[in-house]
Amino acid sequence: MLNGLALILFSMPILKKRYIMRFFSFVKIGFICVLFFLFACSKHSSTVPTFSVDVQQRDSIEHFFSGYDYVMLETNENTLLGNVERMKVDSSVIAVQDKGRILLFQHDGKFITKIDKLGRGAGEYLSVEDFCVKDSLVYILSRAQRRILVYDWKATFVDKIDLDDWYQHFEIVDDKLMFLSSENSNEKQYDFVVFNYAKSEDMNMFSPFENNEGITFKNFTPFSGTFNGGYYVLRPFDYTVYRLSRTGFEPYCLFEFNTKEQIEQGAALVDLYDKTSNKNVVQYLGSYEEYNGSIYLTFTLFEEKHGIGTYVYKVESDGKNLLMKIYENFSDKYPYISAPYGVYDGAFYSIRPALDILNIEEMYGLSLFHDKGLTEESNHVVFFHKLK
């Protein structure tokens, strides 16, 4: 093509050679720009897997779970739980946040310790936005102090990690690195930061945003599950699941919901929160897990007649879509199921007060926990519903 243009141009006597060569150069540059544009478009046209969720669909709970285990937490004056705000479970401990306290239990329910250091003194925290348990240490994030405080399992203060910005959630990766999340509410204006807390320096920053909105969302957590090398992460009012690693941040899959209301793309988070409160729309995703070839996703949805409900969506290995709503119908096989706080070892974990459990047993003629000595004064019970 370029050679043909050159021959035509050289055959025109009214044009001097220098103009011909200049024009030739412009044609060549334009040709390269077109190629670059086409290449860029081809890259951006690639899409992640998208799953369409019919919120009216209902399937049997037996498609989702294969059984359940439970742990009755030790009851004494130091261990009684009230309003559980957050739970974390790993191979060594069950950790529960009750307001400004973090209580640790073994997997047999035996009490380990209680960290109750709310205050302004040395080794104390002003607030608990999030916490992590790693290698027999408990890390507590106090956004008000821009600090993470570290305690051992005797509730002794052992260290602090100062942060240079505001963060709402975090996860400890190893003895050097952690992931920090701001949810559009810090001065760096990045949602996710890979932070080397051993050296007090940022290693990477991902997901930039334009305005520091200074808003937090109750019951939202960006860290949804793990994969080899990182975390599945979420953003408020965003139906995309992302993969976050030490060196990268990328969209992984997308969910769509046929709700009455839809999220206005590009709006400020504070406006979206106001517009979607008590509306039939999914505000944000919950737990995401891949297990035995299937995908599991939880989300909450407001309905005018029933209020806020928790749903479990499943995509089986053959592509079949399933959906159930927790609490909607009683199941004699899974009578104690409730909204999960997360996933551990292929199971959704949740927690219920003793009184709720006894009321369920009285209502449906059950006696499992009554026969085990559970009373209204007993501590909560943790459940592990095994994914199928």
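Residues numbered from 1 in each chain as written. Predicted model: local features only at pLDDT ≥ 70, side-chain atom pairs only at ≥ 80, totals over all residues. Heavy atoms only, no water.

Right, let's talk about the overall build of the chain for a bit. If you tally the helices and strands in the chain, you get five helices and 25 strands. Counting only residues that meet the buried cut, the chain has 46% of its 388 residues in that class. In the chain, the share of contacts with a sequence separation of at least 24, taken over all contacts with a separation of at least 6, comes to 49%. Total accessible area on the chain is roughly 20,300 Å²; 50% of this is exposed by carbon and sulfur atoms. (Helix = DSSP H or I, 4+ residues; strand = E, 2+ residues; numbered from the N terminus. Buried < 20%, exposed > 50% of the residue type's maximum accessible area, 1.4 Å probe, protein only. Contact = heavy atoms within 4.5 Å. Areas by Shrake-Rupley, 256 points an atom, 1.4 Å probe, with all protein chains shown as cover.)

With that settled, the discussion passes to helix α4 (residues 354–364). Buried residues of α4: A354, I357, L358, I360 and E361, and no others. Burial along α4 is one-sided: seen end-on, the buried residues are contained in an arc of 155°. Structural note: α4 exposes E362 and M363 on the side pointing more than 90 degrees away from its buried face. Looking at the packing, one finds that the buried side of α4 touches β24 (347–352), α5 (368–371) and β25 (381–387). In the stretch just after α4, G365 is the one whose phi turns positive, near 70°. (Arc of directions from axis to C-beta.)

Here four strands make up an open sheet; going across it, the order is β3-β4-β5-β6 and the pairing antiparallel. Looking along the sheet, the strands with just one partner apiece sit at the ends: β3 (84–89) and β6 (111–115). With direction set aside, neighbouring strand axes in the sheet form an average angle of 15°. With five bridges joining them, strand β4 (residues 94–98) and strand β5 (residues 101–105) adopt antiparallel strand pairing. Looking at the pairing, I94 lines up with F105 of β5. (Pairing = 2+ DSSP bridges. Axes fitted to C-alpha atoms, helices over the stretch in contact; angles between N-to-C directions.)

Enumeration according to the criterion identifies 18 salt bridges in this entry. As a salt-bridge pair, D98 and R101 come within 2.7 Å of each other at their nearest N and O atoms. Where R246 meets D174, a salt bridge forms, and the shortest distance between an N and an O atom there is 3.0 Å. In this pair, R246 sits in the loop between β17 (240–245) and β18 (249–257) while D174 sits in the loop between β11 (169–172) and β12 (177–181), placing the two residues 72 residues apart along the sequence. What emerges from the salt-bridge pattern is a single network uniting R86, K88, D130 and E171. (Salt bridge = Lys/Arg side-chain N within 4 Å of Asp/Glu carboxyl O.)

Quick look at the side chain of S245 now. Mapping S245 onto the fold places it in strand β17. If we ignore the near neighbours within four places in the chain, the residues touching S245 are F179, V194, F206, G229 and G230.

On the surface, a nonpolar cluster with roughly 320 Å² of combined accessible area is contributed by F330, M363 and Y364. Note that M363 resides in helix α4. What makes M363 exposed here is its relative accessible area of 61%. (Patch = residues over 30% accessible without salt bridge, like charges linked within 9 Å, V, L, I, M, F, W, Y side chains within 5 Å.)

All right, on to the packing of aromatic side chains then. Tallied over the entire structure, the rule returns 37 aromatic pairs. Ring geometry for F105 against F111: centres 5.7 Å apart, planes inclined by 65°, an arrangement best described as edge-to-face. Accessibility assignment for this pair places F105 and F111 in one class, buried. With a centroid separation of 5.0 Å and an interplanar angle of 85°, the aromatic rings of Y336 and F369 are classed as edge-to-face. (Phe/Tyr/Trp six-rings, centres within 6.5 Å; stacked < 30°, edge-to-face > 60°.)

What follows is about unusual backbone geometry. Backbone geometry places D135, a non-glycine residue, at a positive phi of 50°. Tracing the chain through its elements places D135 in the loop between β7 (130–134) and β8 (137–142).

Glancing now at the sheet that holds strand β2 (residues 65–72). Pairing is antiparallel in the open sheet, where four strands are placed in the order β2-β25-β24-β23. Strands with a single pairing partner mark the edges of an open sheet, and in this sheet they are β2 and β23 (342–344). Within this sheet the neighbouring strands show an average axis-to-axis angle of 35°, counted without direction. Relative to the sheet, α4 contacts β24 and β25, its axis offset from that of β24 by approximately 95°.

Here we take up the side chain of T113. Within the element layout of this structure, T113 appears in strand β6. Accessibility expressed as a relative area gives 8% for T113, which makes it buried. A distance of 3.3 Å separates a polar side-chain atom of T113 from the backbone oxygen of W153. Non-local contacts of T113, meaning those with residues more than four positions away in its chain, are made with I102, L103, L104, W153, K154 and A155. (Polar contact = N/O pair within 3.5 Å; in protein donor to acceptor, adjacent residues only side chain to side chain.)

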